[in-house]
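Structural features, examined
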Amino acid sequence: MYRALYRHLLSRADAEWIHGVAVRSLAMTGNFSVSRALLRCLFAPRRLESLAVSAFGLRFAHPLGLAGGFDKDGVALHGLAALGFSFIEVGTVTPQPQAGNAKPRLFRLLDDQALINRMGFPSSGMARVAHNLERRPALPLAISLGKNKTTPLQDALQDYCAVLEYLYPYGDLFVVNISSPNTPELRRLQTAAHLAELLAGLRQALAAQGSAKPLLLKIAPDLSFEEIETICALALQHGVSGLIATNTTLERPSGLRSADAHQPGGLSGAPLRAKSTQIVRHIRAVTAGQLPVIGVGGVFSGADIWEKLCAGAVLVQAYTGFIYEGLAFVRRAISQLQGIMRAEGVRDLGQVIGKG
Ligand SMILES: Cc1cc2nc3c(=O)[nH]c(=O)nc-3n(C[C@H](O)[C@H](O)[C@H](O)COP(=O)(O)O)c2cc1C
């Protein structure tokens, strides 16, 4: 009944409009301790030691976090934390405020359990985001760093460093987003010459902060294995703490059924799942586990989390799965994961990572 209603709503209203309503509602509900407690009680999974993960020098209650792009300005973090995510990635944040691409720019592919977006980093800018993060919840917070659309590629490092330095006090992990398909030329930063310069500069900016919070790199799924191997080698050489694999894809796998499948932009959700898992597995294999990976792409259920962990991910994120599954997404997925652990005789998630 709930699912049918939800699907009906999803198929009728404009995707970005619904997203705005959801973020504002979560922001409001998260503001008050009573409504927060209610959300937690209704939707968050129980805390269990067997699900806890230690990674990047941090402790996570379980492996499932919220991927970048859902809460771009960090306005709904308390509400999202109450829904049970074990960590949240805020952003992508740009130095100056920018509006992003023209609307419509977000499309639901209901028959494919997917989304296509060409948002183009709408951001309130780092100063506003810093203000929003003054009152942050007590769970690991990742901040996604981006560049403004008008900043030429050769000056990208300055933008990434500016956001890193400005938001450094507010985050626990930092993610260099060079893989969005919706900012012109951004993905060129994944090529060896650009990336080496970017990582060296960011390393220096991080060292200047005096402590060593983890820096991760988020990559696209549209890279060849060879390109991924070059990125892994550079990441290891420049002391990057881990990779996030993957962002949305420009590919359109055959078999997509929805009318909007031809829309330009990045495709996420179920059609991306196998590809991103394959990339997680490849990174794990070529780095012999030296570069921890957060797996993201098409996670809707406990089985999908299990698949990514078995491929070698230390943690998992989701965006599209949350949109389709609704408020009980985390509780349901974690309970399914526990069921799989029981069936497989696994008591501790450490036993799972990279096992198959
Ligand atoms: C509407 C939308 C906006 C997104 N914005 C960002 C973003 O700002 N930064 C980022 O790193 N990834 C962004 N992503 C990509 C997601 O974080 C994730 O990598 C991708 O959607 C694959 O995961 P999924 O299949 O669980 O959605 C966005 C995805 C969607 C659907």
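It should be emphasised that the depicted structure is a prediction, and the values quoted were computed from it without experimental measurement.

A few words on the packing of aromatic side chains. We describe a pair of aromatic rings using the distance from one ring centre to the other and the angle between the two ring planes. Tallied over the full model, the rule gives eight aromatic pairs. Aromatic pair Phe300 and Tyr324: ring centres 6.0 Å apart, planes at 45°, arrangement tilted. Residue Phe300 is located in the loop between β12 (293-296) and α10 (302-311), and its partner Tyr324 is located in helix α11 (residues 320-325); the two are separated by 24 residues in the primary sequence. Note on accessibility: Phe300 and Tyr324 belong to one class, buried.

Taken together, three strands build an open sheet; the order of strands is β5-β6-β11 and the sheet is antiparallel. In this open sheet, the two strands that pair with only one neighbour each are β5 (106-109) and β11 (266-269). On average, each strand axis in the sheet is tilted by 25° relative to the strand beside it, whichever way the strands run. Across four bridges, β5 lies against strand β6 (residues 114-117) in antiparallel orientation. Each bridged residue has a counterpart across the sheet, and for Leu109 the counterpart in β6 is Ala114.

Residues of helix α5 (residues 126-133) that are buried: Met126, Val129, Ala130, Asn132 and Leu133. On an axial view of α5, the arc spanned by its buried residues comes to 160°, and they lie on one face. On the buried face of α5, the contacting elements are α4 (77-82), β4 (88-93), β7 (141-145) and α6 (156-167).

The next subject is the site of the ligand. Surveying the vicinity of the ligand reveals 23 residues, the closest of which are Gly68, Lys72, Thr92, Gly298 and Thr320. Within the contact set of the ligand, an oxygen atom lies 2.9 Å away from a backbone nitrogen or oxygen of Tyr319. A distance of 2.5 Å separates an oxygen atom of the ligand from a polar side-chain atom of Thr320. Protein contacts shield 98% of the accessible area of the ligand, which totals 600 Å² for the unbound molecule. Contributing elements (two or more residues each) for the shell around the ligand: β4, β6 and β11. Looking at side-chain class alone, the shell around the ligand contains seven nonpolar, 14 polar and two charged residues.

Thresholds, definitions, all that
Residues numbered from 1 in each chain as written. Predicted model: local features only at pLDDT ≥ 70, side-chain atom pairs only at ≥ 80, totals over all residues. Heavy atoms only, no water. Phe/Tyr/Trp six-rings, centres within 6.5 Å; stacked < 30°, edge-to-face > 60°. Helix = DSSP H or I, 4+ residues; strand = E, 2+ residues; numbered from the N terminus. Buried < 20%, exposed > 50% of the residue type's maximum accessible area, 1.4 Å probe, protein only. Pairing = 2+ DSSP bridges. Axes fitted to C-alpha atoms, helices over the stretch in contact; angles between N-to-C directions. Arc of directions from axis to C-beta. Contact = heavy atoms within 4.5 Å. Near = heavy atom within 4 Å. Polar contact = N/O pair within 3.5 Å; in protein donor to acceptor, adjacent residues only side chain to side chain. Areas by Shrake-Rupley, 256 points an atom, 1.4 Å probe, with all protein chains shown as cover. Nonpolar A, V, L, I, M, F, W, Y, C, P; charged D, E, K, R; others polar.

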